[in-house]
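A look at the structure
So you can see what is in the structure, the chains are spelled out below.
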Amino acid sequence: MIALTFPDGARREFPQGITGLDVAKGISPSLAKRTVAMVLDGAIADLGDPIEADAKIEFLNRDDPRALELIRHDAAHVLAEAVQSLWPGTQVTIGPVIENGFYYDFFRNEPFSLEDFPAIEKKMREIIARDKPFTKEVWSRDETKRVFRDKGEKFKVELVDAIPGNEPIKIYNQGEWFDLCRGPHMTSTGKIGSAFKLMKVAGAYWRGDSNNPMLTRIYGTAFAKQEDLDAYVHQLEEAEKRDHRRLGREMNLFHFQEEGPGVVFWHPKGWSVFQSIVAYMRRRLAADYAEVNAPQMLDKSLWETSGHWDWYRENMFAAQSAGDEAEDKRWFAIKPMNCPGHVLIFKHGLRSYRELPLRFAEFGIVHRYEPSGAMHGLMRVRGFTQDDAHIFCTEEQLAEECLKINDLILSTYADFGFESDLVVKLSTRPEKRVGSDASWDHAEAVMTRVLEQIAARSGNRIKTSINPGEGAFYGPKFEYVLRDAIGRDWQCGTTQVDFNLPERFGAFYIDADGQKKMPVMVHRAICGSMERFLGILIEHHAGHFPLWLAPVQAVVATITADGDDYAHEVIAAARKRGLRVEADLRNEKINYKVREHSLAKVPAMLVVGKKEAAERTVSIRRLGSQAQTVLPLEQALAALVEEAVPPDLAGARKAA
RNA sequence: GCUGCCGUAGCUCAGUGGUAGAGCACUCCCUUGGUAAGGGAGAGGUCGAAAGUUCAAUCCUUUCCGGCAGCACCA
């Protein structure tokens, strides 16, 4: 006999090997009917599994959040069956559940297209309506391979070989169709319900390796209830509305064009926001960093010294004199990183231990030849500005410097409105790397300790994790990940410890004992790429920038031409106070103007007509609100000026 | 880079084997209107580039360039 503990705390004995289904039936037939799976000691299992030992048991119905994964996984199986029944000869591979749904990868000479979706969905509905039970069998390895080989499913045969020897080979049947699968599944296909949808089709490499054949992947999603599916589809539409590429065009911030793949044409308004961010960063750095500027192009030999020519050449641009007659035809590499330049600045002249830590910051523009398929608006470009810095310090100063950087990064994110759901990840030594194991051991030990301190200092508000093998080739790194308003994660900041570059360049300082010593070098970025960070901000705010960032903070719009003189006065007064304002004195109705500036996402409209001119007031309409507030001019401007103070200055003022 | 899809006016998109259209934006005119589109007229395109098929190509074919989705990549 075994003892099962139920969620209400009740404990009952059952014969060993009883199935979850029989336990449920014993309680009530209706429970058995609505249960799709069970949870044994916290792990989801097939309801038909025999229970062999004492456990806590819980029955899941399909509305339980934990069942969502099962619904999606089952839907993936049904998708595969539907595809194979519509296109016999198509090979099935894998079909896992992912964050917002599921996918299934197929091998077929003719790829699928969106036009195939209605037919596939129809077939899926048929299979679900049949409501065949999912039944599990355990097969022998050889048997499994033989069956799949006979069916021409060579990918499945490979999968069987990849299953560790001690694990059973499980086959799930759903009527006639079956699939190799780890499980668990619900009791029958009918439990999937009708709230599913195929989303898109794309290529994907077999087992994620670009040397392998390309498969066709069909993405889908499924929910317990139709309204959940509708809400999800709606959320996707919302995400599309805040796509920074669309907003960048609509708000006239920047553009791209064919002649410059992956490089940004910044328009006046976009550049204004960009410069507001840079100005903010400069203020934050003023106390501790010295800003420098290293050359854009340097002789190839320097990149050989740094190791980039060997390690990073595929991603670099190179340039030489364009003149046919030019004598000097040597190659210059356009910098993909700022670090070598900063090492050279450090190396210029003798450095004393008294100067350390020495912190060089640069808003350096780097160019990287990114794979064409990687480029994506501002998020992934070939030319971008880093808020980069390199810190040269002693071994003893290293941990303290990392913590100092941590404080700077976290407080910066907070100022931009990213305060919760921050994660710091430590990436450790990769397979391809430079430096001795001893120095990696040491660096990782220091950074592991710092990581613990980061978590502790934040009162465990900051989550931490480890990315094994994801470090840079020259050292371990911290990656700072923030979450935007619609729940997407972005890795922005990074702190990297480097014991490679100082050595390659022979950088040293004179220590207190008069001896040469090699400094430790720390690379760090906060926003990462300013372009990308701005892209994130656009999507985070859906284009509704806070006043301190908005390129045009207010538009002064007249009702009729009678207001023109006063409007000029208002604009002059606002500009005098440092506000970025524009005039709209066009011969258009106020409705038209309101609509246009609302679409352009101008935070404030100051409407002036006869009345306002006579009373020396303005009628304020804020973006996103229909309400109008009439205030005396001075008062209105003072409020806007106050609101437009950047968060660091506002914070400093409050502290004072 | 790989797979698939796409490329027509500044933007969003129709369209045809016989060298092009709409709406918005733009310019001008009328209108001076109190908080999300007043009316009229005009201007604007080597139909991504090159080669091929054809009497004839924006349309069919090939290659290249660029973009989108996903994969791989993100040092």
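Residues numbered from 1 in each chain as written. Chains lettered and ligands numbered in written order. Predicted model: local features only at pLDDT ≥ 70, side-chain atom pairs only at ≥ 80, totals over all residues. Heavy atoms only, no water.

1. Looking at the domain arrangement of chain A
The test is simple: The split into domains, and so the bounds of each, comes from an automatic or database assignment of domains.
Along its sequence, chain A is organised into domain 1 (2-61), domain 2 (68-228), domain 3 (254-296 + 335-540) and domain 4 (554-653). Computed from C-alpha atoms alone, the centre-to-centre distance between domain 2 and domain 4 is 58 Å.

2. Here's the deal with the sheet that holds strand 26 (residues 477-483)
Operational definition: Should DSSP find at least two bridges between two strands, the strands are taken to pair. Helix numbering and strand numbering both begin at the N terminus, where a helix is a DSSP run of H or I of at least 4 residues and a strand a DSSP run of E of at least 2.
Ordered by their spatial adjacency, eight strands build an open sheet running 18-22-23-30-27-26-24-25, and the pairing between neighbours is mixed. On the outer flanks of this sheet lie strand 18 (290-291) and strand 25 (463-467), each paired with one strand and no other. As judged from the five bridges shared by strand 24 (residues 423-427) and strand 26, these two strands associate in the antiparallel manner. Paired with Lys425 across the two strands is Glu479, which belongs to strand 26.

3. Quick word on the sheet that holds strand 4 (residues 35-40)
For the record, the criterion: The angle between two axes is taken between their N-to-C directions and runs from 0 to 180 degrees, where each axis is a line fitted to C-alpha atoms and a helix contributes only its stretch in contact. By the convention used here, residues are in contact when the closest approach between their heavy atoms is within 4.5 Å.
Taken in spatial order, the five strands line up as 2-1-7-4-5 in an open sheet, and their pairing is mixed. Pairing within the sheet leaves two strands with one partner each, and these edge strands are strand 2 (11-14) and strand 5 (43-45). Within this sheet the neighbouring strands show an average axis-to-axis angle of 35°, counted without direction. Inspection of the sheet shows strand 1 (residues 2-5) paired to strand 2 by four bridges, in the antiparallel sense. The partner of Thr5 across the bridge, within strand 2, is Arg11. Along the sheet, helix 1 (residues 20-27) makes contact with strand 1, strand 2, strand 4 and strand 7 (55-61), crossing strand 7 at roughly 75°.

4. Here we look at unusual backbone geometry
Heads up, the rule is: Only protein chains enter the accessibility calculation, which uses a 1.4 Å probe; a residue is then buried when its area is under 20% of its type maximum, exposed when over 50%, and partly exposed in between.
The omega angle of the peptide bond from Gly183 to Pro184 is -5°, so this bond is cis rather than trans. As for its placement among the helices and strands, Pro184 is situated in the loop between strand 13 (177-180) and strand 14 (196-205). In the segment running from Leu356 into Pro357, the intervening peptide bond is cis, with an omega of -5°. Position of Pro357 relative to the elements: it lies in the loop between helix 12 (339-347) and strand 22 (358-367). Its identity is not glycine, yet Asn252 carries a phi of approximately 60°, on the positive side. Relative to the elements of secondary structure, Asn252 occurs in the loop between helix 8 (244-250) and strand 16 (254-255). Under the relative-accessibility criterion, Asn252 is labelled partly exposed at 40%. We note that Lys601 has phi near 60°; this positive angle belongs to a residue other than glycine.

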